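# Breakdown of the fold
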Amino acid sequence: MKNTKSFYQIQRQEIPRRSVGVRKTDWKEVDQTPDFQMMAQQAERCMDCGVPFCQSETGCPVDNDIPDWNQLTSQGRLHEALTRLQATNNFPEMTGRLCPAPCESACVLGLRSDPVNIRAIEWGLVEEGFRQGWIQPKPAVKKTERKIAIIGSGPAGLAAAQQLARQGHSVTVFEKERQAGGLLRYGIPDFKLQKSWVDRRLTQLQAEGVELKTSTCLGKDFDYQDLQKNFEVVALAMGAEKPRDLLVPGRELRGIHLAMDYLKDQNRFFSGESQDLQINARGKRVVILGGGDTGSDCLGTALRQEALSVVQFEIQAQPSELRSEKTPWPFWPMKLKVSHAHEEGGSRQWSFSTEAFLGSGGRVEKLAVRKLGDKGSDSLMTWEADLVFLALGFTGIQRDYLKSIPNLKISENGRIQTDQFQTSEPGVFACGDSQRGASLIVWAIAEGRKMATAIEAYLAKEK
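We now turn to the structure provided with this report.

What counts, and where the lines are drawn
Residues numbered from 1 in each chain as written. Predicted model: local features only at pLDDT ≥ 70, side-chain atom pairs only at ≥ 80, totals over all residues. Heavy atoms only, no water. Helix = DSSP H or I, 4+ residues; strand = E, 2+ residues; numbered from the N terminus. Rg over C-alpha atoms; globule rule 2.2 N^0.38 Å. Buried < 20%, exposed > 50% of the residue type's maximum accessible area, 1.4 Å probe, protein only. Contact = heavy atoms within 4.5 Å. Areas by Shrake-Rupley, 256 points an atom, 1.4 Å probe, with all protein chains shown as cover. Axes fitted to C-alpha atoms, helices over the stretch in contact; angles between N-to-C directions. Parallel < 35°, antiparallel > 145°, perpendicular 65-115°, else oblique. Left-handed = near helix turned anticlockwise from the far one by under 90°. Nonpolar A, V, L, I, M, F, W, Y, C, P; charged D, E, K, R; others polar. Core = buried A, V, L, I, M, F, W, Y, C linked by side-chain atoms within 4.5 Å.

The number of helices and strands found in the protein chain is 17 helices and 13 strands. Scaling as 2.2 N^0.38, a compact globule of 463 residues should have a C-alpha radius of gyration of about 23 Å, and the protein chain matches this with 23 Å. Taken along its principal axes, the extent of the C-alpha atoms in the protein chain is 65 × 60 × 40 Å. Looking at the 463 residues of the protein chain, the share that counts as buried comes to 53%. In the protein chain, the share of contacts with a sequence separation of at least 24, taken over all contacts with a separation of at least 6, comes to 69%. Surface summary for the protein chain: the accessible area is close to 21200 Å², and the carbon and sulfur share equals 48%.

Written as structure tokens, this is what we have:
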């Protein structure tokens, strides 16, 4: 670095956000692209550690060479920094916007101060790369005759597709929805990820030879045996879409929805894919069960739809604002997380268990909840609600898609069993949430890349 003392002379700067009063009135991205000055200053804070935990598996599953591109960024050598960044990450602008940044939690500087804002640097580098025309399609110079089918067009499937296409293989990605992108398109609101950024990458992949087939669902429109006739390898990257439900009395009442159904409905409406909202929070008392990113996304969506009120119930106790001793550095810290949606409104209730849904005329009107942890208290209270969203996580893959694949082993927790990304069915591979369980976008990209390497090795043996 230019100044070896910068890590304590320059303070951490957060990615700029639009003001709450303005952003709640539209669906534009909340966070704003970091400029060069911010990128350079944050990169200058990097300590260039002897052991950079930020790029260990604890910190960065895609093995980003973070200190290297930090140094290049601090020197203004942005093209070189971008080249180093994209050597390990297919979609840094996605991780920059969406990843909770375990690399920052593992930053050595974080032991005594605020960590380097690594997300800001990778996000800014990619946007500068597109502005300058540095990011261009890289089609293979020489084509092979090997054909690969990938099921699912989320970040795992797309990362694998790009890696394999650049090796010259013919890659076809099958997506059950009308447009490609998986949960990047349908599960994440536009105020977190503008869909033009997804389209920008899809255009690049198509220019590199990747074929996208949408509105085509395995187990419905075609079976595994159909794929076997045309492809040497089938890769499963359909995610872990089976939601965790809450089967308590009253669950059948109208007005209770799975969180992902709500988010998909809004995304389809905003993109023009559908003409009407099927689930609208406007003027309604909204209750969200469950925290995490999905619950936060429901909160931000309901606020923009002008809900009358929004409250988020969490079964766990409120975490401390400081790192827990149970998750010491360099592990991901267990502490209170305040998202941009929490800044915008609504309230959170901690240590509550939902015991039943109550209503009349077939529609939900209240929740019966129990406060946990209060000694001597076992009474139920009620909370009024017109809409309830279940953001309780996911329990694995949707098995119906995979019925036509013989000998495919699936664990009790709903994950496809693999050995080095190969499933129990010869020629079938799996990666991402489908074999790992619901996880982060950075893990999806990492697994897509590693599965592509495993497929390359398999094809080499099969020549």
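Locating Gly-239 in the fold gives a position in the loop between strand 4 (233-236) and strand 5 (256-258). Residue class for Gly-239 comes out buried when judged on its relative accessible area of 17%. Along the backbone, Gly-239 and Ala-430 are 191 residues apart, and their C-alpha atoms lie at a distance of 9.7 Å. Look past the residues within four positions of Gly-239 in its chain and what remains in contact with it is Ile-397, Asp-433 and Ser-434.

This paragraph deals with the packing of helix 5 (residues 78-86) against helix 8 (residues 118-132). Contact geometry for helix 5 and helix 8: axes closest at 10 Å, N-to-C directions at 110°. Between helix 5 and helix 8, the interaxial angle falls into the category roughly perpendicular. The element helix 5 and its partner helix 8 pack so that their crossing is left-handed. On helix 8, the residues that touch Leu-78, Ala-81, Leu-82 and Leu-85 of helix 5 are Glu-122, Leu-125, Val-126, Glu-128 and Gly-129. Class assignment of the residues belonging to the contact of helix 5 with helix 8 gives a composition of six nonpolar, one polar and two charged.

As a further point, take unusual backbone geometry. Peptide bonds are mostly trans, and most non-glycine residues show a negative phi. Residue Pro-330 is reached from Trp-329 by a cis peptide bond, and omega for that bond is 10°. One can find Pro-330 in the loop between strand 7 (309-314) and helix 15 (340-344). For Asp-63, which is not glycine, the phi torsion reads 60° and is therefore positive. With respect to the secondary-structure elements, Asp-63 resides in the loop between helix 3 (36-44) and helix 4 (66-74).

Okay, the nonpolar core next. Counting 44 residues, the largest nonpolar core has Ile-150, Leu-193, Phe-429, Met-451 and Ile-455 as the members making the most contacts within it. Those elements that place two or more of their residues in this core are helix 6 (92-98), strand 1 (147-151), helix 9 (155-165), strand 2 (170-174), helix 11 (195-207), strand 4 and helix 17 (441-461). Every residue in contact with Ile-150, bar those within four places of it in the chain, is listed here: Gly-157, Ala-160, Ala-161, Leu-164, Val-171, Thr-172, Val-173, Phe-174, Ala-235 and Ala-237. Judged by nonpolar contacts, the second largest core, of 21 residues, contains Cys-54, Ala-81, Leu-85 and Ile-121.

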